[in-house]
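So the chains spell out like this:
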Amino acid sequence: SAGISFKDSDRDVTFDNTYNTYKFIGNVKQASDDRVIYVRCSNDGTNFDTTAGRHLGDKILRNNGSIECNSDQTSTVWVLDNKAGGTAAGENYAFEITIYNSDLHYPRYLGLMQNARFTDNTGVISIISGRYNYDGKIKGLNFFPNSSSNFIADSTISMYGVKS
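Residues numbered from 1 in each chain as written. Predicted model: local features only at pLDDT ≥ 70, side-chain atom pairs only at ≥ 80, totals over all residues. Heavy atoms only, no water.

Trainee: Quick question: what am I supposed to make of the packing of aromatic side chains here?
Mentor: Applying the stated criterion across every chain yields a total of 9 aromatic pairs. Between Phe 6 and Phe 24 the ring centres are 5.4 Å apart and the planes differ by 65°, which places this aromatic pair in the edge-to-face class. Of the two residues, Phe 6 sits in strand β1 (residues 4–7) while Phe 24 sits in strand β2 (residues 21–28), which places them 18 residues apart along the sequence. Relative accessible area serves as the criterion here: at 10%, Phe 6 is assigned to the buried category. By the ring-pair criterion, three or more aromatic residues cluster together here, those being Phe 6, Phe 15, Tyr 19, Tyr 22, Phe 24, Phe 95 and Phe 143. (Phe/Tyr/Trp six-rings, centres within 6.5 Å; stacked < 30°, edge-to-face > 60°. Helix = DSSP H or I, 4+ residues; strand = E, 2+ residues; numbered from the N terminus. Buried < 20%, exposed > 50% of the residue type's maximum accessible area, 1.4 Å probe, protein only.)

Trainee: Would you mind going over the sheet that holds strand β6 (residues 78–79) with me for this structure?
Mentor: Paired through backbone hydrogen bonds, the strands of a sheet run either parallel or antiparallel to each other. Spatial ordering of the open sheet is given by β1-β10-β3-β6, a layout of 4 strands whose pairing is antiparallel. Where the open sheet ends on each side, the last strands, each with one partner, are β1 and β6. Relative to strand β10 (residues 140–145), strand β3 (residues 37–42) runs antiparallel, the two being bridged by 6 bridges. The residue bridging Arg 40 from the neighbouring strand is Asn 142, located in β10. (Pairing = 2+ DSSP bridges.)

Trainee: What is the right way to read the nonpolar core from this model?
Mentor: Nonpolar side chains tend toward joint burial in soluble globular proteins. Counting 28 residues, the largest nonpolar core has Phe 24, Ile 97, Leu 141 and Phe 143 as its most contacted members. For this core, the secondary structure elements donating two or more residues are β1, β2, β3, β6, β7 (92–100), β9 (122–132) and β10. By residue number, the principal contributor to this core is β7, which donates 4 residues. Once you skip the residues sitting within four places of it in the chain, Leu 141 turns out to touch Ile 4, Ser 5, Phe 6, Phe 15, Phe 24, Val 39, Arg 40, Cys 41, Phe 48, Trp 78 and Ile 99. (Core = buried A, V, L, I, M, F, W, Y, C linked by side-chain atoms within 4.5 Å. Contact = heavy atoms within 4.5 Å.)

Trainee: Before we go on, may I ask you to explain the pattern of salt bridges in this structure?
Mentor: Oppositely charged side chains are able to pair whenever their charged atoms sit close together. If you walk through the whole model with that rule in mind, you get 3 salt bridges. Salt-bridge contacts for Asp 49 lead to Arg 54; the nearest nitrogen and oxygen are separated by 2.6 Å. Given the relative accessible area of 8%, Asp 49 is considered buried. What makes Arg 54 partly exposed here is its relative accessible area of 22%. Between Asp 58 and Arg 131 there is a salt bridge, and its shortest N-O distance comes to 3.1 Å. Here the residue Asp 58 occupies a position in strand β4 (residues 55–63), and Arg 131 occupies one in strand β9, the gap between them amounting to 73 residues. A relative accessible area of 31% means that Asp 58 is categorised as partly exposed. (Salt bridge = Lys/Arg side-chain N within 4 Å of Asp/Glu carboxyl O.)

Next comes the structure, spelled out in structure tokens:
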């Protein structure tokens with residue numbers, strides 16, 4: 001599939017004021033080489049926001065004993081990993097994202113993302129603190145590979161609302 005989306009406007013998705021916290025657990029594989037995974041928010045439950053500077057993020061990446069840190073303050077997406085994956089045996093992404101969608105948070109709607117990628121028995125771990133710079137609740141997420149690529153058919157992402 002080209003991407004996996006969860007929008008409040010979808011018949012079988014509740015992404016509104018029902019829960020203050022949402023969990024997303026994914027296990028995906030790219031259909032093409034040299035791809036990373038993007039995540040984009042919706043603030044209306046129908047359209048995904050492409051406004052520059054709304055998807056802010058800070059990242060810590062550990063790869064084979066070295067640690068990298070970077071910050072993205074201008075993007076139209078969150079990037080789950082700086083290291084591109086592909087179709088080789090063992091290349092896949094497994095991740096958990098928590099969206100804190102409560103009125104208690106500022107900057108509003110902090111998303112904490114954890115990503116483990118395994119390429120031929122080599123693990124890469126990313127910890128990403130993302131902020132969606134919009135004065136309103138997140139009402140949708142879209143997960144998609146860069147460069148008009150696809151996920152393979154067996155890729156899954158599950159959404160859970162956390163009751164308080």
